[in-house]
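# Observations on chain architecture
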Amino acid sequence: MDNMFEQIAASAVNNGPNVLASHWSPFRRPMDVVKDPVLSVDDKRTILAAWASDFYAIDSKPALRHVPGTPDPVSIDEVRSALGELDLRYDT
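### Some remarks on the sheet that holds strand 1 (residues 57–58)
Pairing is antiparallel across the open sheet formed by three strands, whose spatial order is 1-2-3. Each having just a single partner strand, strand 1 and strand 3 (74–75) make up the two edges of the open sheet. Across two bridges, the pairing between strand 2 (residues 61–65) and strand 3 is antiparallel. For Arg65, the partnering residue across the bridge sits in strand 3 and is Val74.

Below, the structure is given as structure tokens:
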């Protein structure tokens, strides 16, 4: 799994952040990332941090983030809450 994220990160550097979006399709909400049983904590944090990025902000509603491939926009507060849950679960 780590190798896959290294490849995604390398592609994102070369081709832009939209490369990440196609890999997020199983994640409908930020807490889906937190609950994923396969991803490492570092991978979860990377995905959530990218999701929180201004790159995915909706122009007319900057408090919302919409990653292509996800069904609906989510609030930045929801992403932050998921990051906080990671801290609680993994004592980081």
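### What to know about helix 4 (residues 41–52)
The end-to-end C-alpha distance of helix 4 is 16 Å, a good match for the 16 Å that 12 residues give at a rise of 1.5 Å each. Along helix 4, the residues classified as buried are Asp43, Lys44, Ile47, Leu48, Ala50, Trp51 and Ala52.

### Here's the deal with the packing of aromatic side chains
The tally for this structure, following the rule as stated, stands at one aromatic pair. Here the aromatic rings of Phe55 and Tyr56 are separated by 5.0 Å at their centres, their planes lie at 90°, and the arrangement is edge-to-face.

### Details of the side chain of Asp36
Of note, Asp36 is situated in the loop between helix 3 (30–35) and helix 4. With no salt bridge to any partner, buried Asp36 finds its closest opposite charge in Lys44, at an N-O distance of 5.7 Å. Not counting residues within four places of it along the chain, the set of residues in contact with Asp36 comprises Phe27 and Lys44.

### Concerning the environment of Glu78
Locating Glu78 in the fold gives a position in helix 5 (residues 76–90). As a C-alpha pair, Glu78 and Pro30 span 48 residues in sequence and 6.8 Å in three-dimensional space. In contact with Glu78, not counting residues within four places along its chain, are Arg29 and Pro30. Side chain to side chain, Glu78 and Arg29 meet in a polar contact 2.6 Å long.

Basis of the calculations
Residues numbered from 1 in each chain as written. Predicted model: local features only at pLDDT ≥ 70, side-chain atom pairs only at ≥ 80, totals over all residues. Heavy atoms only, no water. Pairing = 2+ DSSP bridges. Helix = DSSP H or I, 4+ residues; strand = E, 2+ residues; numbered from the N terminus. Expected span 1.5 Å × (residues − 1). Buried < 20%, exposed > 50% of the residue type's maximum accessible area, 1.4 Å probe, protein only. Phe/Tyr/Trp six-rings, centres within 6.5 Å; stacked < 30°, edge-to-face > 60°. Lys, Arg positive; Asp, Glu negative; His and termini not counted. Salt bridge = Lys/Arg side-chain N within 4 Å of Asp/Glu carboxyl O. Contact = heavy atoms within 4.5 Å. Polar contact = N/O pair within 3.5 Å; in protein donor to acceptor, adjacent residues only side chain to side chain.

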